[in-house]
Amino acid sequence: MSDASRAGLVRKLSAAAALSTLGAIPAFLLGAQFVLIQEDLSLDERHLGVAVGIFFAAAAVASLPAGSVADRLGARASTLVAGGLSFTAAVVVAVAARGTAVLLMGIGVAGVANAALQMTANASLARSIPRHRQGLAFGIKQSAVPLAILLGGLAVPAVGLLVGWRWTFGALALCAVVVMALALRGGAGRRMSVPAAPAASDGAPRTALVLTAVAATMANGAANSLGAFLPAWTYSLGVSTAASGLLLALCAAVCIAARVLSGAAGDRRAGRNIPWVAGQMSLGSVGFFLLAQGHIPLVVLGALIAFGFGWAWPGLLIFAVVRVGRDRPASASSAVQSGGFAGGALGPPLFGWLIVTTSYETGWLVAAVLLLAAAGLLLYCRRLFLQDLQVRPPAR
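Along each chain, residues carry numbers from 1 onward, in the same order as the chain's sequence is written. The predicted origin of the model limits local features to residues at a pLDDT of at least 70 and limits the giving and counting of side-chain atom pairs to 80 or more, whereas totals for whole chains, interfaces and linings rest on all residues. By convention in this description, side-chain values take in all heavy atoms of the structure and omit both hydrogens and water.

**Q** Provide a residue-level description of the overall build of the chain, including the pertinent values.
**A** Counting from the N terminus, the helices are the DSSP runs of H or I reaching at least four residues and the strands are the DSSP runs of E reaching at least two. In terms of regular secondary structure, the chain is built from 15 helices and zero strands. Partly exposed residues are those whose accessible area sits between 20% and 50% of the maximum for their type, while under 20% is buried and over 50% is exposed, using a 1.4 Å probe and protein chains only. Taken over 396 residues, the chain has a buried fraction of 54%. When contacts within the chain are restricted to residue pairs at least 6 apart in sequence, those whose partners lie at least 24 apart make up 85%. Accessible areas in this description were obtained via Shrake-Rupley with a 1.4 Å probe; residue shielding takes into account the shown protein chains only. Of the accessible surface of the chain, which amounts to about 16100 Å², a share of 69% is contributed by carbon and sulfur atoms. Contacts are assigned to residue pairs that have any heavy atoms within 4.5 Å of one another.

Take a look at the structure:
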């Protein structure tokens, strides 16, 4: 690869990661600063779970129309629309959120903006990244979520404790303005080309896709609860607000590295990516078990394991399902993405209810069980995918 091609690839990946991070950060900014927001708005963990759930539910509902709109408008216009939604949501939370209702409304708008930003980034990668680099590309793009968590964790000591949590959302609004300004400076942006759909008979097996979505829902429900509730858990154990935020940032950095390395390794492997994902989930369940022990050293170790393994899989799973998804890779990957959004919508509210009615320890143990169940279900799905490929070889 020439230096010019390598530089172009880096620019495309960086742009996609920036859009994805801007979309994902509001929910985790809320979780990282929950102790501060809780005091200001008189909330409890159930409110945090509902807010994060609304964020991902709005993203799930908006994903399909957002993809269609992005295709019709082109990269430049869709980025402007998504950036405008992100700016509006951040301003509503920073300025107008004086109670639960307005806070939830702002987070809901942020969820719609997240869907628009993610679809724009996905379309850009699909059009411009060579196939032999797509494992790495998916790994980098999916690192946007832990990067958002890292920035949310750093925002606590850097901004939230100094000038107040609202200013972090003000900074987010400024980032949205920068994204829109860069889009305006860019080219006109052609419509995103969509290849002709293959015959319906060339689609991936429906049962395998549905069960893959179920597995992604369970695993992502557990993982998103980790990102949302870890600071509140460590704070309840006596760790300071600043240290809790820094721990979250460290865990997110580990997760970023794990996702990128997993994607790069997937490019070099000739298959067997789904068993690798199942192994990551199984190891991640050990981290959730350690989190439930309630002792600071074990909690720190458990958090690092849970982030480094239990949430390192999304990009690699998308890549793996696309590879076994026959001649309809977009439809195949949507199963993972829809399951991920569903897990983000359902997991945190249920986790919040669980820890309020029982305990944090119970919540972490349930999350560990969900990861193990998801790992086993994925191995079964792989067998269904491979059986289908043997019976019905792809048309292309």
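Anyway, onward from the coordinates.
**Q** Before we move on, can you summarise a nonpolar patch on the surface with the specific residues and values?
**A** Like-charged residues within 9 Å of one another, or nonpolar side chains (Val, Leu, Ile, Met, Phe, Trp, Tyr) within 5 Å, are grouped into patches, provided each residue has over 30% relative accessible area and no salt bridge. Between Lys or Arg on one side and Asp or Glu on the other, a salt bridge is scored when a side-chain nitrogen of the former is within 4 Å of a carboxyl oxygen of the latter. On the surface, a cluster of nonpolar side chains totalling about 580 Å² of accessible area is made up of Phe 87, Val 91, Val 95, Leu 174, Val 177, Val 178 and Leu 182. When residues of the nonpolar patch are traced back to their parent elements, those giving at least two are α4 (75-96) and α8 (166-185). Of the residues forming the nonpolar patch, the biggest block, four residues, is contributed by α8. On the secondary structure map, Val 95 appears in helix α4.

**Q** Please provide a residue-by-residue account of the nonpolar core, values included.
**A** To define a nonpolar core, start from buried Ala, Val, Leu, Ile, Met, Phe, Trp, Tyr and Cys residues and group those joined through side-chain atoms within 4.5 Å. Core analysis: the biggest nonpolar cluster contains 108 residues, and Leu 230, Met 281, Phe 288, Leu 291, Phe 307, Trp 311 and Trp 364 have the highest contact counts within it. Not counting residues up to four positions away in its chain, the partners in contact with Trp 311 are Phe 28, Val 145, Ile 149, Asn 220, Ala 223, Asn 224, Gly 227, Cys 255, Arg 259 and Ala 306.

**Q** Could you give an account of the state of the cysteines, naming the residues involved and the relevant values?
**A** Cysteine sulfur atoms that come within 2.5 Å of each other are treated as a disulfide pair. With the rule as written, the count across this model stands at zero disulfides. The thiol sulfur of Cys 251 is not disulfide-bonded, and the nearest other cysteine sulfur, from Cys 255, lies at 9.2 Å. Taking relative accessible area as the criterion, Cys 251 reaches 0% and is therefore assigned buried.

**Q** Describe the side chain of Asn 114, naming the residues involved and giving the relevant values.
**A** When you line up the elements, Asn 114 lands in helix α5 (residues 100-128). Given a relative accessible area of 3%, Asn 114 falls into the buried group.

**Q** Run through helix α13 (residues 314-324), naming residues and quoting values.
**A** Along α13, 10 of the 11 residues are buried, which leaves the element largely enclosed by surrounding structure. Within α13, the full set of buried residues consists of Pro 314, Gly 315, Leu 316, Leu 317, Ile 318, Phe 319, Ala 320, Val 321, Val 322 and Val 324.

**Q** An account of the side chain of Ser 285 is requested, with residue identities and associated values reported.
**A** As for its position among the elements, Ser 285 is in helix α11 (residues 273-291). In contact with Ser 285, other than residues within four places in its own chain, are Ala 368, Leu 371 and Leu 372.

**Q** Which residues make up the packing of aromatic side chains, and what values go with them?
**A** For any pair of aromatic rings, geometry is given as the distance between the ring centres together with the angle between the planes. Pairs were defined over the aromatic rings of Phe, Tyr and Trp, the Trp ring being its six-membered one, requiring ring centres within 6.5 Å. Orientation was assigned from the angle between planes: stacked under 30 degrees, edge-to-face over 60, tilted for the rest. This structure, assessed with the given rule, holds 11 aromatic pairs. With a centroid separation of 5.0 Å and an interplanar angle of 45°, the aromatic rings of Phe 229 and Phe 351 are classed as tilted. Taken as a pair, Phe 229 in helix α9 (residues 206-236) and Phe 351 in helix α14 (residues 329-357) lie far apart in primary sequence, 122 residues in all. Phe 351 carries the same exposure label as Phe 229, and that label is buried. Aromatic rings pair up to connect Phe 229, Trp 233, Phe 288, Phe 351, Tyr 360 and Trp 364 into one cluster.

**Q** Any details on the packing of helix α10 (residues 241-268) against α13? Residues and values, ideally.
**A** The contact between α10 and α13 brings their axes to 8 Å, and the two run at 25°. In terms of their interaxial angle, α10 and α13 are classed as roughly parallel. Listed contacts from α13 to Arg 259, Ser 262, Gly 266 and Asp 267 of α10 are Pro 314, Leu 316, Phe 319 and Arg 323. The residue classification treats Ala, Val, Leu, Ile, Met, Phe, Trp, Tyr, Cys and Pro as nonpolar and Asp, Glu, Lys and Arg as charged. All others, Gly included, are polar. Split by residue class, the contact of α10 with α13 holds three nonpolar, two polar and three charged. Axis lines are fitted to C-alpha atoms, over the contacting stretch for helices. Their N-to-C directions set the angle, which ranges from 0 to 180 degrees. Oblique is the label for any angle not under 35 degrees, not over 145, and not in the 65 to 115 range, which are roughly parallel, roughly antiparallel and roughly perpendicular in turn.

**Q** Give me unusual backbone geometry: which residues, what numbers.
**A** Positive phi outside glycine occurs at Ser 42, with the angle close to 60°. Owing to a relative accessible area of 63%, Ser 42 belongs among the exposed residues under this scheme.

**Q** If you had to explain the environment of Val 322 to someone new, which residues and values would you point to?
**A** With respect to the helices and strands, the residue Val 322 is situated in helix α13. Spatially, the C-alpha atoms of Val 322 and Ala 335 are 10.0 Å apart, while their sequence positions differ by 13 residues.

**Q** Which residues make up the pattern of salt bridges, and what values do they have?
**A** On inspection of all chains with the given rule, the structure shows two salt bridges. As a salt-bridge pair, Asp 40 and Arg 166 come within 3.3 Å of each other at their nearest N and O atoms. On the criterion of sequence distance, the pair formed by Asp 40 in helix α2 (residues 34-41) and Arg 166 in helix α8 is long-range, its members being 126 residues apart. Put simply, Asp 44 and Arg 46 hold a salt bridge, and the shortest N to O gap is 3.1 Å.

**Q** I'd like to hear about the packing of α9 against helix α15 (residues 360-391), residue by residue, with values.
**A** The geometry of α9 relative to α15 is characterised by a closest axis approach of 8 Å and an angle of 155° between their N-to-C directions. Put simply, α9 runs roughly antiparallel to α15. Where α9 crosses over α15, the handedness of that crossing is left-handed. Residues belonging to the contact of α9 with α15 are distributed by class as follows: 26 nonpolar, four polar and one charged. Crossing chirality is assigned from the near helix's rotation relative to the far helix, an anticlockwise turn below a right angle marking it left-handed and a clockwise turn marking it right-handed.

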